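Each chain, letter by letter, is given below.
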Amino acid sequence: MADKDGDCLADRLQLVDDKKLRDVVRVLESTRERGAVEPILAALRPRLRRLRPERPLTLQRLLTVPLEAALVTGRDGAWSFVVDRSRLGELHEVTLARLAPGLAAALEKALLGRLAHETEAILEHGRSFWPAAAEALAATAADEALPERLVVEQRRAADLLATASELVPLLARLPRPLQFLEDGEKELLADILALALGGSDDRCGTVLTLLLRSTKRPAALVDDLLAAVEPVDRNRLRPLIDRILAEHRATLDSLLDDVADRPEAPVAQVAEAVERVAEAVDDEAAAAAELGRRAGVVAETRYLAAIQDLTAMRPLPAGDTAAVLAGVRDRETMARAVAKLGRAAGRLVRGEAIERATGDAVNALVDSVRDLAGEATPEAHVRIARLIEILAGSDRAWAHLSQHRT
Amino acid sequence: MTANRRLFSLKQRPSTYAEAGVVAPFTTPLLLQARLRLDYRGRLEVVARNPTGADGVYVVPLAALEEFFRLSVHDRALIERVRTLTPISPLGIREIALGLSREGLAGPDAEAAAARSLQEEEERSLLTMLLLLEQLLQEAGLGRIDWKTIDTGSSDARERLRPYFKSLEPSMGIGSGELITMIDELSGLVASIGHTKAPFKSHADTTLEEVVELRRSIAEWVQGERDDHAVLAGLVVECATLTIDCTGPGLAKAKTIANSARRLLQARASDRRKVDEVLTRPIWLLDGWRHLAALWRSGAEESREAQRDILIELAELAPLVPLAADEWLGKPMEVRANTELRRWVRLNEDWRTGHVLDRQAVIEQVLAEAL
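These figures come from a predicted structure and were not determined experimentally.

## Here we look at the overall build of chain A
Logical step 1: Secondary structure assignment for chain A yields 18 helices and two strands.
Logical step 2: Against the globule reference of 22 Å for 406 residues, chain A gives a C-alpha radius of gyration of 27 Å, more extended than a compact globule.
Logical step 3: Its C-alpha atoms give chain A principal-axis dimensions of about 85 × 65 × 40 Å.
Logical step 4: By the burial criterion, 37% of the 406 residues in chain A qualify as buried.
Logical step 5: Considering only contacts in chain A between residues 6 or more positions apart, those separated by 24 or more positions represent 72%.

If you want it as structure tokens, here you go:
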């Protein structure tokens, strides 16, 4: 579609009512040539966001459902039993090209009007589609002259599709995140693992990876996983689990490297990384001890610098203009990131330095408003009290505000 | 962690608003949308959701709230103000909420939103005063107000109306000062429900529209959902429908009463409590819904999974119209069976983790939307 035509259509669509727009978008989204209509959808996006249009259940989406939990990007770390998300388009293409003639068209017709979140529709149509898709993909993996790594990945995707009719409904019933399982859920886990054990080690590794990656504390799940299988099968799963847990730690290690090596990394990003490491340390103290120690040093160093930066900022000007309020917002956002980092650091180090720095920061904030003397308005005290609340809690903040509130 | 919980059902509707209480805009996450009401000794108590996530509610004396919860700075100030509020009403709580937000205690977004709302409400109140005054003048055959001379944004607008009030003294049989006070009080009340001739949407009109839109949006969203989420959406839609069905006629009745200023003043002079009750019924019926509508809107760009979490929150917070409202409208009450439901509580997103400030920031964002 020429750009000019696309612009013209997007302009005209701005004039139609909400219902018509939803119908048109549904048709546009279900087209196979999505790239051609993307500029039109992009122009409509602000209005679409308000309307919350539902995404249609397309053949591509139906094909993605069984693979979804196994998909990773380069930023997720290096994992053995996964499928590279960037290959998804290619997998769609080769699978759909190999399907029996007429099957894709019949399914596309059947999916018309169905939405991406309709679980019943996904399971109903998936049951007939996934086995055929698995065969098509497996045949492609066998025929094409691909590098070994890609062949393995393609076979893995085909295997997931082959088991999808049974696996997808089981996985859908598990709680998210996977943690503190009840008895019924442990039985569910046993069914899932039985399905995995019925296949190759690669299938076991893939299912275990998607289970362990769906919780922040994978080691805490290991006992439940092993208890859900026969003793003889534990020996088969144990090395795979150890390998996946090591990959989990390696992922956190590189995440930490990424923020530790970049002093310019935003505090919120550092806090996020440190928090994930703190979870890992709580999860498996011995194995993650070194990782935790390193994260503690990074967190404490960054916290001490960040809280000093925060208190060294100039007092906000008085008033409630949009610019002043934007400044208040920015400062509170920064304070929240600093506080989050402090909490995460406190889980990894003894914390005296952090506590001392927080106390100093609170005193500095109080001094900054005291320095304003007669110009210290009630609103200045409120703003300082909110920063104190974020950094040191509401008791200290209220103590300050009570003295200065009219 | 999973938690079985019994969510509300229409069987659990409170009898009266005295029992249900008024929603207070707490920003402490554990007290989100907790209600204030009087205990049997006339002291304020707070009705909050069970902080463990299990069934039931916590009923805590307001005076002891700080012993049970670590309150945000905003909520400590809120308690100070609420202690002196008599009687407890949605309009009174709203006034306090706007005042606290205007001070900046709920963050910069709520501060800006409160500044806008307060200015709008002042103008609406003044406009309503003009409409009521003009009605009185017409009913007394004294002509009309020269609207061109009145600037509703000006601080001396009320002073400019004094001669008109003075002209009403003989026909009304009361002094202009007293009349100004009466109309002033009434105009705030009528502005909140809306006057049929008012060129603005009242707080009640806007909130009712938001409830209608929320119901539409959830009814549309739920297509294709199953299990718990479909049930929860159904409950929210049902609560919204009950609220809409009760509020529509209640609002129409209140506006009709407000249509004759003279009759309204006379009725209020003989039974002020009764008149104020009828006028404010829509406000009571809509209490708490603005937060829910804002919460649902806040998830517009979130993933389906996040929207499901928001829906769970809505289902837990959806206000139940007390049975007393059926009596107001002569409506037959439907009784439904309880529904056992469950929810997944996410790690680091609940009461156990101590990540209270992040959650507080989210609540403040929704508060800013709902002011």
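Following the structure, the description resumes.
## Considering the overall build of chain B
Logical step 1: Scanning chain B for helices and strands turns up 16 helices and six strands.
Logical step 2: Put simply, chain B has 371 residues, and 38% of those count as buried.
Logical step 3: In chain B, 68% of the contacts between residues at least 6 apart in sequence involve partners at least 24 apart.

## Thoughts on the interface of chain B and chain A
Logical step 1: Facing 29 residues of chain B, the contacting portion of chain A comprises 33 residues.
Logical step 2: Elements represented by at least two residues in the side of chain B that touches chain A include exactly α3 (73–82), α5 (108–139) and α16 (356–370) of chain B.
Logical step 3: Per-element tally for the side of chain B that touches chain A: the top contributor is α5 of chain B, with five residues.
Logical step 4: Residue composition of the side of chain B that touches chain A, by class: 13 nonpolar, six polar and ten charged.

## Points about the domain arrangement of chain A
Logical step 1: Along its sequence, chain A is carved into domain 1 (3–53), domain 2 (60–251) and domain 3 (262–404).
Logical step 2: For domain 1 of chain A versus domain 2 of chain A, the separation of C-alpha centres amounts to 33 Å.

## A word on α5 of chain B
Along an α-helix, residues three or four positions apart point the same way, because every turn accommodates 3.6 residues.
Logical step 1: Taking 1.5 Å per residue, 32 residues should reach 46 Å; α5 of chain B reaches 46 Å between its end C-alpha atoms and fits that length.
Logical step 2: One or two residues past the end of α5 of chain B sits glycine 141 of chain B, with phi positive at roughly 65°.

## A few points about the sheet that holds strand β2 (residues 22–23) of chain B
Residue and element names in this part refer to chain B.
Logical step 1: Judged by pairing direction, the sheet is antiparallel, and its four strands sit side by side in the order β2-β3-β4-β5 without closing on themselves. Two strands close off the open sheet at either side, each with one partner strand: β2 and β5 (57–61).
Logical step 2: Bridge count between strand β3 (residues 35–38) and strand β4 (residues 44–49): four bridges; the pairing is antiparallel. Directly across from arginine 37, in β4, lies its bridge partner glutamate 45.

## Focus: the nonpolar core
Logical step 1: By size, the foremost hydrophobic cluster in this structure holds 136 residues, and its most contacted members are Val274, Val338 and Leu341 of chain A together with Val236 of chain B.
Logical step 2: Per element, the largest residue contribution to this core is twelve residues, and it comes from α5 of chain B.
Logical step 3: Not counting the four nearest positions on each side in its chain, leucine 341 of chain A is found in contact with Val267, Val270, Ala271, Val274, Ala299, Arg302, Tyr303 and Ala306 of chain A.
Logical step 4: Of all hydrophobic cores here, the second largest spans 52 residues; its members include Phe81, Leu161, Ile192 and Leu245 of chain A.

## What about unusual backbone geometry?
All names here are of chain B.
Logical step 1: In this structure, proline 87 follows threonine 86 across a cis peptide bond, with omega equal to -10°.
Logical step 2: Within the element layout of this structure, proline 87 appears in the loop between α3 and α4 (90–103).
Logical step 3: Here the phi dihedral of glutamine 33 falls at roughly 55°; this positive angle occurs in a residue that is not glycine.
Logical step 4: Mapped onto the elements, glutamine 33 comes out in the loop between β2 and β3.
Logical step 5: You can call glutamine 33 buried: it has 21 C-beta atoms within 10 Å.

## Quick look at the packing of helix α14 (residues 289–312) of chain A against helix α15 (residues 322–346) of chain A
Between two packed helices, the angle of one axis relative to the other and the distance separating the axes together describe the packing.
Residues and elements named next belong to chain A.
Logical step 1: Contact pair α14 / α15: the axes reach a minimum separation of 9 Å and the direction vectors enclose 150°. In terms of axis orientation, α14 runs roughly antiparallel to α15. Of the two elements, α14 crosses α15, and the hand of that crossing is left-handed. Facing Gly296, Ala299, Glu300, Arg302, Tyr303, Ala306, Ile307 and Leu310 of α14, the residues of α15 in contact are Met334, Ala335, Val338, Leu341, Gly342, Ala344 and Ala345.
Logical step 2: A breakdown of the residues in the contact of α14 with α15 according to their chemical character gives eleven nonpolar, two polar and two charged.

## Thoughts on helix α18 (residues 394–404) of chain A
Logical step 1: Residues Ser394, Ala397, Trp398, His400 and Leu401 of chain A constitute the buried set of α18 of chain A. Take α18 of chain A and look down its axis: the buried residues cluster within an arc of 160°, on one side only.
Logical step 2: Structurally, α18 of chain A contributes buried residues whose contacts are with α16 (352–370) and α17 (378–392) of chain A together with α3 of chain B.

## Brief notes about the pairing of β3 of chain B
All names here are of chain B.
Logical step 1: As paired elements, β2 and β3 share two bridges and run antiparallel to each other. By the bridge assignment for β3, valine 23 is matched with arginine 35.
Logical step 2: Hairpin geometry of β3 and β4 is characterised by an intervening segment of five residues between the two adjacent antiparallel strands and by a positive phi of about 80° at glycine 42.

## Quick notes on the confidence of the model for chain A
Logical step 1: Within chain A, residue pLDDT values average 87, and 93% of them lie at 70 or more.
Logical step 2: The lowest-confidence element of chain A is helix α3 (residues 34–51) of chain A, averaging 67 in pLDDT; the highest-confidence one is helix α10 (residues 201–212) of chain A, averaging 96.

## A look at the environment of arginine 290 of chain B
Residues and elements named next belong to chain B.
Logical step 1: Here arginine 290 is to be found in helix α13 (residues 289–298).
Logical step 2: For arginine 290, a count of 23 C-beta atoms within 10 Å puts it in the buried group.
Logical step 3: Sequence separation between arginine 290 and glutamate 210 is 80 residues; the distance between their C-alpha atoms is 7.1 Å.
Logical step 4: In contact with arginine 290, other than residues within four places in its own chain, are Thr207, Glu210 and Ala370.

## A closer look at the environment of glutamate 316 of chain B
All names here are of chain B.
Logical step 1: Within the element layout of this structure, glutamate 316 appears in helix α14 (residues 304–317).
Logical step 2: Taking the C-beta count within 10 Å as the criterion, glutamate 316 has 19 such neighbours and is therefore assigned partly exposed.
Logical step 3: Between the C-alpha atoms of glutamate 316 and valine 236, which are 80 residues apart in sequence, the distance is 8.8 Å.

## Comments concerning the packing of helix α7 (residues 162–172) of chain B against helix α8 (residues 176–193) of chain B
Residue and element names in this part refer to chain B.
Logical step 1: In the contact formed by α7 and α8, the axes pass within 8 Å of each other and the chain directions differ by 105°. Taken together, the axes of α7 and α8 are roughly perpendicular relative to one another. Along the contact surface, α7 presents Arg162, Phe165, Lys166, Leu168, Glu169 and Met172, while α8 presents Ser176, Leu179 and Ile180.
Logical step 2: Considering only residue class, the contact of α7 with α8 consists of five nonpolar, one polar and three charged.

## With respect to the confidence of the model for chain B
Residue and element names in this part refer to chain B.
Logical step 1: Summing up the model confidence of chain B, the mean pLDDT is 84 and the portion of residues at 70 or higher is 88%.
Logical step 2: Contacts for the low-pLDDT stretch residues 1–8, under 50 throughout, to residues beyond four places or in other chains number 29 contacts.
Logical step 3: Of the regions scoring below 50 in pLDDT, residues 335–356 engages in 43 contacts with residues more than four places distant in sequence or in other chains.
Logical step 4: Our summary of model confidence lists the complex with pTM equal to 0.81 and ipTM equal to 0.83.

## Comments concerning the environment of glutamate 238 of chain B
Logical step 1: If you trace the backbone, glutamate 238 of chain B turns up in helix α10 (residues 227–257).
Logical step 2: As a C-alpha pair, glutamate 238 of chain B and alanine 318 of chain B span 80 residues in sequence and 9.6 Å in three-dimensional space.

Reading the values: the criteria
- For every chain, the first residue of its written sequence is number 1, and the numbers climb from 1 along that sequence.
- Key to labels: chains lettered from A, ligands numbered from 1, both in the order written.
- In view of the model being predicted, local features appear only for residues whose pLDDT reaches at least 70, and side-chain atom pairs are presented and counted only at 80 or more, with totals across whole chains, interfaces and linings using the full set of residues.
- For the purposes of this entry, the term helix denotes a DSSP run of H or I that reaches at least four residues, the term strand denotes a run of E that reaches at least two, and both are numbered from the N terminus.
- Only C-alpha atoms enter the radius of gyration; for comparison, a globular chain is expected to reach 2.2 Å times N to the power 0.38, where N is the number of residues.
- Here exposure depends only on C-beta density: within 10 Å of a residue's C-beta, 20 or more other C-beta atoms make it buried, 12 or fewer make it exposed, and intermediate numbers make it partly exposed, the C-beta atoms being placed from the backbone.
- Contact between two residues is assigned when their C-beta atoms, built from the backbone, lie within 7 Å.
- We call Asp, Glu, Lys and Arg charged. Ala, Val, Leu, Ile, Met, Phe, Trp, Tyr, Cys and Pro are nonpolar, and the rest, Gly among them, are polar.
- All the domain ranges listed were derived from an automatic or database domain assignment.
- Expected span, for any helix, means 1.5 Å times one less than how many residues it has.
- Whether two strands pair depends on DSSP finding at least two bridges between them.
- Working definition: the nonpolar core is a set of buried Ala, Val, Leu, Ile, Met, Phe, Trp, Tyr and Cys residues, joined through C-beta atoms within 7 Å.
- Axes here refer to lines fitted to C-alpha atoms; in helices the fit is confined to the stretch in contact. Angles between the N-to-C directions go from 0 to 180 degrees.
- Note that the term roughly parallel is reserved for angles under 35 degrees, roughly antiparallel for angles over 145, roughly perpendicular for angles of 65 to 115, and oblique for everything else.
- Left-handed describes a crossing in which the near helix is turned anticlockwise from the far one by less than a right angle; the clockwise case is right-handed.
- In this description, one arc is meant: the one made by directions from the helix axis to the C-beta atoms.
- Scored between 0 and 100, pLDDT is the confidence that the predictor attaches to each residue.

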